[in-house]
Amino acid sequence: MADVESRSWIGGEWAAQAGEIVEVHDPSEVSREVGLLHLSEAAAASEAVEAARYASAAWDRQGSPARAEALSAMAAALERDREAVAALASQEMGKPITEMRGEVARGVQILRFYAAEGVRAVGEVIPHSQTQVLQYTTRRPLGVVGIITPWNFPVAIPLWKIAPALLCGNTVVWKPAESASLTAARLAQLAAASGLPAGVLNLVVGRGSEVGQALVEAAPLDGLSFTGSTATGMRVAAAAAARNIKYQVEMGGKNAAVVLNDADVDLAVSAVVSGAFRSAGQKCTATSRIIVQDGVYGAFCDRLRQAMRAVRLGPALHPDTYVGPLASEAQFEKVSRYAHQAARATVVAQAPVEGVDLGAGYFVPPTVVTDVAPGDPLVQEEIFGPLAAILRCASFDEAVALCNQTVYGLSAAVFTRDLSQGLKFLDAADAGMVRVNQETAGVEYAAPFGGLKQSGSHSREQGTAALDFYSHTKTCAVYYGP
Ligand code: ADP
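Residues numbered from 1 in each chain as written. Predicted model: local features only at pLDDT ≥ 70, side-chain atom pairs only at ≥ 80, totals over all residues. Heavy atoms only, no water.

## A word on the pairing of strand 13 (residues 287-293)
In step 1: Burial runs high along strand 13: seven of the seven residues are buried.
In step 2: In this structure, strand 12 (residues 255-259) lies alongside strand 13, joined through five bridges in parallel fashion. Each bridged residue has a counterpart across the sheet, and for N255 the counterpart in strand 13 is T287.
In step 3: On the question of chirality, the crossover connecting strand 12 to the parallel strand 13 by way of helix 9 (residues 265-277) is right-handed.
In step 4: As paired elements, strand 13 and strand 16 (residues 387-393) share five bridges and run parallel to each other. Within the sheet, the bridge partner assigned to I290 lies in strand 16 and is I390. (Buried < 20%, exposed > 50% of the residue type's maximum accessible area, 1.4 Å probe, protein only. Helix = DSSP H or I, 4+ residues; strand = E, 2+ residues; numbered from the N terminus. Pairing = 2+ DSSP bridges. Right-handed = clockwise from strand over helix to strand, strands pointing away.)

## A look at the nonpolar core
In step 1: By size, the foremost hydrophobic cluster in this structure holds 72 residues, and its most contacted members are L71, L78, W174 and L196.
In step 2: Mapping this core onto the domain boundaries places at least three of its residues in each of domain 1 (5-251 + 456-476) and domain 2 (255-444).
In step 3: Once residues within four sequence positions are removed from consideration, L78 is found in contact with V85, V104, G107, V108, L111, V155, L159, L187 and L190.
In step 4: Listed in part, the 64 residues of the second largest apolar core include C301, V335, L387 and C393. (Core = buried A, V, L, I, M, F, W, Y, C linked by side-chain atoms within 4.5 Å. Domains from an automatic or database assignment. Contact = heavy atoms within 4.5 Å.)

## Considering the packing of aromatic side chains
In step 1: Inspection of the entire model under this criterion finds seven aromatic pairs.
In step 2: A centroid spacing of 5.7 Å and a plane angle of 80° characterise the contact between W151 and F384, whose relative ring orientation is edge-to-face. Of this pair, W151 sits in the loop between strand 7 (144-148) and helix 5 (156-167) while F384 sits in the loop between helix 12 (377-380) and strand 16, and the two are 233 residues apart along the sequence. The same class applies to W151 as to F384, namely buried.
In step 3: On the basis of an interplanar angle of 35° and a centroid distance of 5.6 Å, the ring pair of F332 and Y362 is categorised as tilted. (Phe/Tyr/Trp six-rings, centres within 6.5 Å; stacked < 30°, edge-to-face > 60°.)

So, in C-alpha coordinates, the structure goes:
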(Lines give C-alpha, C1' and ligand atoms only; values in the text may rest on other atoms or scores of the structure.)
Protein backbone atom coordinates (compact mmCIF):
# COMPACT_ATOMS: atom_id res chain seq x y z
CA MET A 1 0.00 0.00 0.00
CA ALA A 2 1.29 3.50 -0.84
CA ASP A 3 2.13 5.72 2.13
CA VAL A 4 -0.55 8.18 1.24
CA GLU A 5 -3.46 5.80 1.09
CA SER A 6 -5.70 4.57 3.80
CA ARG A 7 -7.94 1.56 3.76
CA SER A 8 -9.25 -0.93 6.27
CA TRP A 9 -6.80 -3.39 7.79
CA ILE A 10 -8.61 -6.48 8.98
CA GLY A 11 -7.12 -9.73 10.27
CA GLY A 12 -3.62 -8.60 9.27
CA GLU A 13 -4.56 -7.76 5.68
CA TRP A 14 -5.27 -4.53 3.88
CA ALA A 15 -8.76 -4.54 2.39
CA ALA A 16 -8.38 -5.49 -1.25
CA GLN A 17 -11.68 -4.22 -2.55
CA ALA A 18 -11.88 -0.45 -2.81
CA GLY A 19 -15.29 1.02 -2.03
CA GLU A 20 -15.81 4.75 -2.42
CA ILE A 21 -12.54 6.63 -2.84
CA VAL A 22 -12.16 10.09 -1.33
CA GLU A 23 -9.30 12.52 -1.93
CA VAL A 24 -7.68 14.11 1.11
CA HIS A 25 -6.60 17.73 0.71
CA ASP A 26 -4.11 19.66 2.83
CA PRO A 27 -6.12 22.11 4.99
CA SER A 28 -3.18 24.56 4.81
CA GLU A 29 -3.35 24.57 1.00
CA VAL A 30 -6.64 23.10 -0.07
CA SER A 31 -5.67 22.73 -3.73
CA ARG A 32 -2.96 20.18 -2.76
CA GLU A 33 -3.98 16.54 -2.59
CA VAL A 34 -2.13 14.57 0.07
CA GLY A 35 -3.67 11.12 -0.15
CA LEU A 36 -6.62 8.86 -0.83
CA LEU A 37 -9.09 7.15 1.47
CA HIS A 38 -10.73 3.91 0.43
CA LEU A 39 -13.91 3.95 2.45
CA SER A 40 -15.25 0.62 3.65
CA GLU A 41 -18.96 -0.03 3.90
CA ALA A 42 -20.91 -1.01 7.00
CA ALA A 43 -20.17 -4.75 6.59
CA ALA A 44 -16.49 -4.10 7.39
CA ALA A 45 -17.41 -3.45 11.03
CA SER A 46 -18.65 -7.01 11.56
CA GLU A 47 -15.80 -8.51 9.52
CA ALA A 48 -13.31 -6.68 11.70
CA VAL A 49 -15.02 -7.79 14.89
CA GLU A 50 -14.94 -11.38 13.62
CA ALA A 51 -11.19 -11.11 12.94
CA ALA A 52 -10.66 -9.58 16.37
CA ARG A 53 -12.69 -12.36 17.98
CA TYR A 54 -10.62 -14.99 16.19
CA ALA A 55 -7.38 -13.45 17.52
CA SER A 56 -8.74 -12.94 21.01
CA ALA A 57 -7.99 -16.21 22.83
CA ALA A 58 -4.34 -16.42 21.75
CA TRP A 59 -3.75 -12.77 22.64
CA ASP A 60 -5.27 -13.30 26.08
CA ARG A 61 -3.13 -16.43 26.62
CA GLN A 62 0.08 -14.54 25.88
CA GLY A 63 -0.15 -12.85 29.27
CA SER A 64 0.47 -9.22 30.07
CA PRO A 65 4.32 -9.30 30.16
CA ALA A 66 4.36 -10.54 26.55
CA ARG A 67 1.70 -8.02 25.52
CA ALA A 68 3.86 -5.35 27.17
CA GLU A 69 6.74 -6.39 24.88
CA ALA A 70 4.45 -5.89 21.89
CA LEU A 71 3.61 -2.36 23.07
CA SER A 72 7.33 -1.63 23.56
CA ALA A 73 7.98 -2.75 19.99
CA MET A 74 5.20 -0.43 18.77
CA ALA A 75 6.76 2.42 20.77
CA ALA A 76 10.15 1.80 19.15
CA ALA A 77 8.60 1.69 15.67
CA LEU A 78 6.70 4.94 16.25
CA GLU A 79 9.79 6.63 17.64
CA ARG A 80 11.80 5.57 14.60
CA ASP A 81 9.13 6.93 12.24
CA ARG A 82 8.20 9.97 14.32
CA GLU A 83 9.06 12.68 11.80
CA ALA A 84 7.15 11.03 8.95
CA VAL A 85 4.09 10.42 11.14
CA ALA A 86 4.10 14.03 12.41
CA ALA A 87 4.48 15.46 8.90
CA LEU A 88 1.70 13.27 7.51
CA ALA A 89 -0.70 14.25 10.30
CA SER A 90 0.15 17.97 9.90
CA GLN A 91 -0.71 17.75 6.21
CA GLU A 92 -3.84 15.72 6.82
CA MET A 93 -5.50 17.72 9.59
CA GLY A 94 -3.52 20.96 9.85
CA LYS A 95 -1.92 20.76 13.29
CA PRO A 96 1.32 22.79 13.29
CA ILE A 97 4.36 20.54 12.89
CA THR A 98 5.96 21.68 16.16
CA GLU A 99 2.82 20.61 18.05
CA MET A 100 2.45 17.43 16.02
CA ARG A 101 6.03 16.38 16.88
CA GLY A 102 5.11 16.79 20.54
CA GLU A 103 1.99 14.69 20.06
CA VAL A 104 3.91 11.85 18.42
CA ALA A 105 6.45 11.93 21.26
CA ARG A 106 3.47 11.72 23.63
CA GLY A 107 2.24 8.67 21.71
CA VAL A 108 5.58 6.95 22.33
CA GLN A 109 5.35 7.79 26.05
CA ILE A 110 1.80 6.41 26.25
CA LEU A 111 2.86 3.11 24.67
CA ARG A 112 5.79 2.86 27.10
CA PHE A 113 3.62 3.73 30.10
CA TYR A 114 1.19 0.90 29.36
CA ALA A 115 4.05 -1.47 28.50
CA ALA A 116 5.38 -0.86 32.01
CA GLU A 117 1.93 -1.62 33.44
CA GLY A 118 2.19 -5.11 31.95
CA VAL A 119 4.50 -6.28 34.72
CA ARG A 120 2.75 -4.64 37.67
CA ALA A 121 0.61 -6.36 40.27
CA VAL A 122 -3.11 -6.56 39.57
CA GLY A 123 -5.86 -7.29 42.06
CA GLU A 124 -5.79 -7.84 45.79
CA VAL A 125 -6.01 -10.67 48.30
CA ILE A 126 -9.08 -10.32 50.55
CA PRO A 127 -9.58 -12.36 53.76
CA HIS A 128 -12.40 -14.90 53.42
CA SER A 129 -14.92 -15.64 56.21
CA GLN A 130 -14.09 -19.34 55.95
CA THR A 131 -10.59 -20.58 56.80
CA GLN A 132 -8.36 -22.15 54.17
CA VAL A 133 -9.93 -20.18 51.38
CA LEU A 134 -7.76 -17.93 49.27
CA GLN A 135 -9.90 -15.08 48.01
CA TYR A 136 -8.49 -12.61 45.51
CA THR A 137 -9.42 -10.36 42.64
CA THR A 138 -7.97 -10.42 39.18
CA ARG A 139 -8.52 -8.54 35.94
CA ARG A 140 -9.91 -10.17 32.82
CA PRO A 141 -10.18 -8.58 29.38
CA LEU A 142 -13.58 -7.45 28.11
CA GLY A 143 -13.02 -9.28 24.79
CA VAL A 144 -13.36 -7.31 21.55
CA VAL A 145 -13.35 -3.57 22.07
CA GLY A 146 -14.52 -0.95 19.55
CA ILE A 147 -12.55 2.30 19.57
CA ILE A 148 -13.91 5.36 17.76
CA THR A 149 -11.62 8.37 17.61
CA PRO A 150 -11.77 12.00 16.45
CA TRP A 151 -9.32 13.87 14.21
CA ASN A 152 -7.99 16.50 16.62
CA PHE A 153 -5.34 14.28 18.25
CA PRO A 154 -4.76 11.79 15.44
CA VAL A 155 -1.99 9.93 17.30
CA ALA A 156 -2.39 10.51 21.05
CA ILE A 157 -6.12 9.78 21.47
CA PRO A 158 -6.07 6.49 19.52
CA LEU A 159 -3.00 5.35 21.43
CA TRP A 160 -4.35 6.29 24.85
CA LYS A 161 -7.27 3.97 24.09
CA ILE A 162 -5.57 1.21 22.05
CA ALA A 163 -2.54 0.74 24.33
CA PRO A 164 -4.45 0.02 27.58
CA ALA A 165 -7.06 -2.02 25.68
CA LEU A 166 -4.37 -4.29 24.20
CA LEU A 167 -2.39 -4.48 27.42
CA CYS A 168 -5.47 -5.73 29.28
CA GLY A 169 -5.79 -8.57 26.76
CA ASN A 170 -8.54 -7.20 24.52
CA THR A 171 -8.42 -7.22 20.76
CA VAL A 172 -9.47 -4.02 19.04
CA VAL A 173 -11.50 -2.69 16.13
CA TRP A 174 -10.51 0.92 15.59
CA LYS A 175 -12.62 3.37 13.58
CA PRO A 176 -10.67 6.64 13.15
CA ALA A 177 -12.21 9.92 12.00
CA GLU A 178 -12.34 10.40 8.26
CA SER A 179 -10.06 13.48 8.61
CA ALA A 180 -7.36 11.45 10.36
CA SER A 181 -7.49 8.17 8.47
CA LEU A 182 -4.20 8.57 6.56
CA THR A 183 -2.40 8.92 9.88
CA ALA A 184 -4.40 5.99 11.27
CA ALA A 185 -3.29 3.73 8.42
CA ARG A 186 0.31 4.74 9.07
CA LEU A 187 -0.06 3.77 12.73
CA ALA A 188 -1.60 0.43 11.73
CA GLN A 189 1.35 -0.17 9.38
CA LEU A 190 3.74 0.52 12.24
CA ALA A 191 1.88 -1.88 14.51
CA ALA A 192 2.05 -4.59 11.82
CA ALA A 193 5.74 -3.94 11.15
CA SER A 194 6.51 -4.16 14.86
CA GLY A 195 5.11 -7.71 14.94
CA LEU A 196 1.65 -7.31 16.45
CA PRO A 197 -0.21 -10.57 15.65
CA ALA A 198 -2.84 -10.47 12.90
CA GLY A 199 -6.33 -9.58 14.09
CA VAL A 200 -5.23 -8.09 17.43
CA LEU A 201 -5.64 -4.55 16.11
CA ASN A 202 -8.02 -3.98 13.20
CA LEU A 203 -8.65 -0.71 11.42
CA VAL A 204 -11.93 0.15 9.70
CA VAL A 205 -11.76 3.20 7.48
CA GLY A 206 -15.08 4.67 6.49
CA ARG A 207 -17.81 7.12 7.32
CA GLY A 208 -19.00 7.51 10.90
CA SER A 209 -22.60 7.33 9.76
CA GLU A 210 -21.96 3.96 8.06
CA VAL A 211 -19.12 1.87 9.42
CA GLY A 212 -19.05 3.77 12.74
CA GLN A 213 -22.75 3.35 13.29
CA ALA A 214 -22.60 -0.34 12.28
CA LEU A 215 -19.87 -0.88 14.86
CA VAL A 216 -21.88 0.80 17.58
CA GLU A 217 -25.30 -0.60 16.81
CA ALA A 218 -24.79 -4.04 15.31
CA ALA A 219 -21.28 -5.51 15.54
CA PRO A 220 -20.89 -8.03 18.40
CA LEU A 221 -18.60 -5.97 20.62
CA ASP A 222 -17.81 -6.38 24.32
CA GLY A 223 -16.70 -2.81 24.98
CA LEU A 224 -16.74 0.58 23.31
CA SER A 225 -14.69 3.72 23.80
CA PHE A 226 -15.55 6.90 21.91
CA THR A 227 -14.17 10.42 21.74
CA GLY A 228 -15.92 13.06 19.64
CA SER A 229 -18.83 15.45 19.62
CA THR A 230 -21.50 15.46 22.31
CA ALA A 231 -24.26 14.83 19.78
CA THR A 232 -22.62 11.66 18.42
CA GLY A 233 -21.34 10.59 21.84
CA MET A 234 -24.84 10.64 23.34
CA ARG A 235 -26.08 8.40 20.51
CA VAL A 236 -23.15 6.04 20.97
CA ALA A 237 -23.79 5.89 24.73
CA ALA A 238 -27.51 5.17 24.23
CA ALA A 239 -26.77 2.39 21.71
CA ALA A 240 -24.14 0.80 23.95
CA ALA A 241 -26.40 1.00 27.01
CA ALA A 242 -29.26 -0.60 25.07
CA ARG A 243 -26.94 -3.54 24.29
CA ASN A 244 -25.44 -3.53 27.80
CA ILE A 245 -21.92 -3.15 26.46
CA LYS A 246 -19.40 -1.52 28.78
CA TYR A 247 -18.76 1.90 27.29
CA GLN A 248 -17.14 5.24 27.81
CA VAL A 249 -17.69 8.41 25.81
CA GLU A 250 -15.57 11.55 25.97
CA MET A 251 -17.35 14.54 24.47
CA GLY A 252 -17.29 18.33 24.42
CA GLY A 253 -16.04 21.10 26.64
CA LYS A 254 -16.51 24.82 27.17
CA ASN A 255 -13.60 25.40 29.49
CA ALA A 256 -13.10 28.52 31.55
CA ALA A 257 -9.92 30.24 32.70
CA VAL A 258 -10.70 32.51 35.67
CA VAL A 259 -8.33 35.46 36.20
CA LEU A 260 -8.68 36.97 39.68
CA ASN A 261 -7.51 40.45 40.74
CA ASP A 262 -4.33 39.11 42.35
CA ALA A 263 -3.28 36.98 39.36
CA ASP A 264 0.17 37.03 37.83
CA VAL A 265 -1.10 38.65 34.63
CA ASP A 266 1.81 37.56 32.42
CA LEU A 267 1.37 33.95 33.49
CA ALA A 268 -2.40 34.12 32.98
CA VAL A 269 -2.06 35.65 29.50
CA SER A 270 0.46 33.12 28.27
CA ALA A 271 -1.68 30.23 29.59
CA VAL A 272 -4.83 31.69 28.00
CA VAL A 273 -3.15 32.21 24.61
CA SER A 274 -1.76 28.69 24.62
CA GLY A 275 -4.97 27.16 26.00
CA ALA A 276 -7.23 28.97 23.54
CA PHE A 277 -5.18 28.85 20.36
CA ARG A 278 -2.86 25.85 20.26
CA SER A 279 -4.30 23.35 17.76
CA ALA A 280 -6.40 26.31 16.53
CA GLY A 281 -8.66 25.84 19.55
CA GLN A 282 -9.61 22.34 18.37
CA LYS A 283 -9.12 20.62 21.70
CA CYS A 284 -11.91 19.50 23.98
CA THR A 285 -9.89 21.10 26.82
CA ALA A 286 -9.32 24.41 24.97
CA THR A 287 -9.89 27.64 26.87
CA SER A 288 -12.95 29.23 25.31
CA ARG A 289 -14.26 31.37 28.17
CA ILE A 290 -12.01 33.82 30.01
CA ILE A 291 -13.60 35.11 33.21
CA VAL A 292 -11.77 38.22 34.42
CA GLN A 293 -12.30 40.07 37.70
CA ASP A 294 -12.92 43.83 37.35
CA GLY A 295 -9.73 44.96 39.10
CA VAL A 296 -7.43 43.27 36.60
CA TYR A 297 -9.60 43.55 33.48
CA GLY A 298 -7.75 46.53 31.90
CA ALA A 299 -4.27 45.14 32.57
CA PHE A 300 -5.25 41.68 31.35
CA CYS A 301 -6.73 42.98 28.07
CA ASP A 302 -3.68 45.21 27.41
CA ARG A 303 -1.24 42.37 27.98
CA LEU A 304 -3.38 39.97 25.93
CA ARG A 305 -3.41 42.41 22.98
CA GLN A 306 0.38 42.59 23.15
CA ALA A 307 0.77 38.81 23.34
CA MET A 308 -1.61 38.19 20.44
CA ARG A 309 0.59 40.32 18.16
CA ALA A 310 3.18 37.53 18.39
CA VAL A 311 0.76 34.70 17.55
CA ARG A 312 1.76 33.39 14.12
CA LEU A 313 -1.01 32.07 11.92
CA GLY A 314 0.24 30.01 8.99
CA PRO A 315 0.63 26.69 7.18
CA ALA A 316 1.00 23.65 9.39
CA LEU A 317 4.40 22.62 8.07
CA HIS A 318 6.01 26.04 8.60
CA PRO A 319 8.31 25.78 11.64
CA ASP A 320 7.23 29.20 13.01
CA THR A 321 3.49 28.57 12.81
CA TYR A 322 1.71 28.73 16.17
CA VAL A 323 -1.85 28.47 14.86
CA GLY A 324 -2.55 26.43 11.74
CA PRO A 325 -5.69 26.07 9.66
CA LEU A 326 -8.84 24.31 10.81
CA ALA A 327 -8.88 20.62 10.05
CA SER A 328 -11.54 20.37 7.37
CA GLU A 329 -14.09 22.21 5.27
CA ALA A 330 -16.87 21.24 7.69
CA GLN A 331 -14.88 22.65 10.59
CA PHE A 332 -14.08 25.81 8.62
CA GLU A 333 -17.72 26.44 7.76
CA LYS A 334 -18.91 25.86 11.32
CA VAL A 335 -16.23 28.02 12.95
CA SER A 336 -16.62 30.77 10.31
CA ARG A 337 -20.29 31.12 11.33
CA TYR A 338 -19.19 31.78 14.92
CA ALA A 339 -16.44 34.13 13.67
CA HIS A 340 -19.11 36.26 11.96
CA GLN A 341 -21.05 36.40 15.23
CA ALA A 342 -17.82 37.30 17.07
CA ALA A 343 -17.16 40.16 14.65
CA ARG A 344 -20.39 41.79 15.94
CA ALA A 345 -19.08 41.74 19.53
CA THR A 346 -16.21 43.91 20.82
CA VAL A 347 -12.91 42.48 19.58
CA VAL A 348 -10.29 42.73 22.33
CA ALA A 349 -7.41 41.14 20.48
CA GLN A 350 -6.70 39.36 17.22
CA ALA A 351 -3.62 37.67 15.79
CA PRO A 352 -2.06 39.47 12.79
CA VAL A 353 -2.95 38.10 9.36
CA GLU A 354 -0.43 40.02 7.22
CA GLY A 355 1.57 37.66 5.04
CA VAL A 356 -0.95 34.83 5.44
CA ASP A 357 -2.73 33.64 2.32
CA LEU A 358 -6.05 33.24 4.14
CA GLY A 359 -7.82 31.99 1.02
CA ALA A 360 -5.38 29.11 0.43
CA GLY A 361 -6.55 27.04 3.36
CA TYR A 362 -9.06 26.80 6.17
CA PHE A 363 -7.66 29.75 8.14
CA VAL A 364 -9.63 31.61 10.80
CA PRO A 365 -7.73 34.38 12.62
CA PRO A 366 -7.42 33.78 16.39
CA THR A 367 -9.72 36.27 18.08
CA VAL A 368 -10.80 37.23 21.62
CA VAL A 369 -14.05 39.16 22.11
CA THR A 370 -15.86 40.77 25.01
CA ASP A 371 -19.22 42.44 25.81
CA VAL A 372 -21.11 39.20 25.23
CA ALA A 373 -23.87 37.99 27.54
CA PRO A 374 -23.31 34.81 29.57
CA GLY A 375 -26.12 33.14 27.61
CA ASP A 376 -24.70 34.06 24.18
CA PRO A 377 -23.98 31.10 21.85
CA LEU A 378 -20.33 32.24 21.76
CA VAL A 379 -20.21 31.65 25.51
CA GLN A 380 -22.37 28.54 25.71
CA GLU A 381 -21.70 26.45 22.58
CA GLU A 382 -18.57 24.46 21.87
CA ILE A 383 -17.00 26.28 18.91
CA PHE A 384 -13.89 24.09 18.51
CA GLY A 385 -11.97 26.90 16.83
CA PRO A 386 -9.63 29.83 17.64
CA LEU A 387 -12.29 32.05 19.23
CA ALA A 388 -12.59 32.92 22.91
CA ALA A 389 -14.86 35.25 24.87
CA ILE A 390 -14.08 37.34 27.96
CA LEU A 391 -16.72 37.69 30.68
CA ARG A 392 -16.25 40.21 33.49
CA CYS A 393 -17.02 39.45 37.12
CA ALA A 394 -16.95 41.40 40.38
CA SER A 395 -16.06 38.67 42.89
CA PHE A 396 -14.70 35.18 43.40
CA ASP A 397 -18.22 33.83 43.93
CA GLU A 398 -19.46 35.37 40.70
CA ALA A 399 -16.45 33.93 38.86
CA VAL A 400 -17.26 30.43 40.10
CA ALA A 401 -20.94 30.83 39.19
CA LEU A 402 -20.03 31.92 35.64
CA CYS A 403 -17.48 29.12 35.35
CA ASN A 404 -20.15 26.54 36.22
CA GLN A 405 -22.84 28.09 34.01
CA THR A 406 -22.40 25.56 31.21
CA VAL A 407 -23.70 22.14 30.28
CA TYR A 408 -20.09 20.92 30.04
CA GLY A 409 -17.62 20.07 32.79
CA LEU A 410 -14.27 19.02 31.38
CA SER A 411 -11.55 21.41 32.52
CA ALA A 412 -11.29 24.70 34.46
CA ALA A 413 -8.44 26.89 35.65
CA VAL A 414 -7.98 29.78 38.05
CA PHE A 415 -5.17 32.33 38.10
CA THR A 416 -4.42 33.75 41.55
CA ARG A 417 -1.52 34.27 43.96
CA ASP A 418 -3.75 33.31 46.89
CA LEU A 419 -3.51 29.57 47.42
CA SER A 420 -6.57 29.59 49.65
CA GLN A 421 -8.70 30.99 46.78
CA GLY A 422 -7.06 28.54 44.41
CA LEU A 423 -7.96 25.55 46.57
CA LYS A 424 -11.52 26.83 47.05
CA PHE A 425 -11.83 27.05 43.28
CA LEU A 426 -10.63 23.47 42.83
CA ASP A 427 -13.46 22.36 45.14
CA ALA A 428 -16.14 24.56 43.58
CA ALA A 429 -15.48 24.25 39.84
CA ASP A 430 -17.72 21.61 38.24
CA ALA A 431 -15.09 20.01 36.04
CA GLY A 432 -13.17 16.74 35.92
CA MET A 433 -9.81 18.49 35.61
CA VAL A 434 -9.18 21.62 37.68
CA ARG A 435 -6.04 23.69 37.87
CA VAL A 436 -4.41 26.62 39.62
CA ASN A 437 -2.11 28.83 37.54
CA GLN A 438 -2.08 26.35 34.65
CA GLU A 439 -3.85 26.37 31.30
CA THR A 440 -7.08 24.41 30.84
CA ALA A 441 -5.57 22.31 28.05
CA GLY A 442 -2.66 19.91 28.25
CA VAL A 443 -3.08 16.45 29.70
CA GLU A 444 -0.76 14.17 31.60
CA TYR A 445 -0.82 10.61 30.30
CA ALA A 446 -0.29 9.10 33.77
CA ALA A 447 -3.22 10.98 35.35
CA PRO A 448 -6.96 10.32 34.94
CA PHE A 449 -8.63 12.29 32.13
CA GLY A 450 -12.36 12.97 31.79
CA GLY A 451 -15.21 15.29 32.63
CA LEU A 452 -18.50 15.87 34.38
CA LYS A 453 -21.96 16.77 33.10
CA GLN A 454 -22.23 16.52 29.29
CA SER A 455 -18.48 16.20 28.79
CA GLY A 456 -18.40 12.46 29.25
CA SER A 457 -19.83 9.27 30.63
CA HIS A 458 -18.26 9.86 34.06
CA SER A 459 -15.51 7.28 33.70
CA ARG A 460 -11.88 8.23 33.21
CA GLU A 461 -9.28 7.55 30.56
CA GLN A 462 -5.46 7.46 30.69
CA GLY A 463 -3.27 6.51 33.62
CA THR A 464 -4.28 3.40 35.49
CA ALA A 465 -7.95 4.50 35.25
CA ALA A 466 -7.89 3.15 31.69
CA LEU A 467 -6.99 -0.32 32.98
CA ASP A 468 -10.18 -0.27 35.06
CA PHE A 469 -12.21 0.48 31.97
CA TYR A 470 -10.64 -2.06 29.62
CA SER A 471 -11.01 -5.00 32.02
CA HIS A 472 -13.50 -6.41 34.41
CA THR A 473 -12.76 -7.57 37.91
CA LYS A 474 -13.22 -11.21 38.82
CA THR A 475 -13.48 -12.22 42.46
CA CYS A 476 -11.87 -15.65 42.86
CA ALA A 477 -12.10 -18.03 45.84
CA VAL A 478 -10.09 -21.24 46.24
CA TYR A 479 -10.73 -23.72 49.08
CA TYR A 480 -7.55 -25.64 49.80
CA GLY A 481 -8.54 -27.45 53.05
CA PRO A 482 -9.24 -29.39 55.13
P1 ADP B 1 -16.92 15.67 14.55
O2 ADP B 1 -18.21 16.42 14.43
O3 ADP B 1 -15.84 16.43 15.18
O4 ADP B 1 -16.46 14.97 13.31
P5 ADP B 1 -18.05 13.24 15.54
O6 ADP B 1 -18.52 12.99 16.92
O7 ADP B 1 -19.06 13.26 14.45
O8 ADP B 1 -17.20 14.55 15.62
O9 ADP B 1 -16.95 12.17 15.14
C10 ADP B 1 -16.12 11.48 16.06
C11 ADP B 1 -15.94 10.06 15.57
O12 ADP B 1 -17.21 9.41 15.56
C13 ADP B 1 -15.41 9.93 14.14
O14 ADP B 1 -14.57 8.80 14.03
C15 ADP B 1 -16.68 9.74 13.34
O16 ADP B 1 -16.46 9.09 12.10
C17 ADP B 1 -17.47 8.87 14.28
N18 ADP B 1 -18.94 8.91 14.06
C19 ADP B 1 -19.69 9.88 13.51
N20 ADP B 1 -20.99 9.53 13.49
C21 ADP B 1 -21.09 8.31 14.06
C22 ADP B 1 -22.18 7.43 14.36
N23 ADP B 1 -23.43 7.73 14.05
N24 ADP B 1 -21.89 6.25 14.96
C25 ADP B 1 -20.61 5.94 15.29
N26 ADP B 1 -19.56 6.73 15.04
C27 ADP B 1 -19.77 7.91 14.43
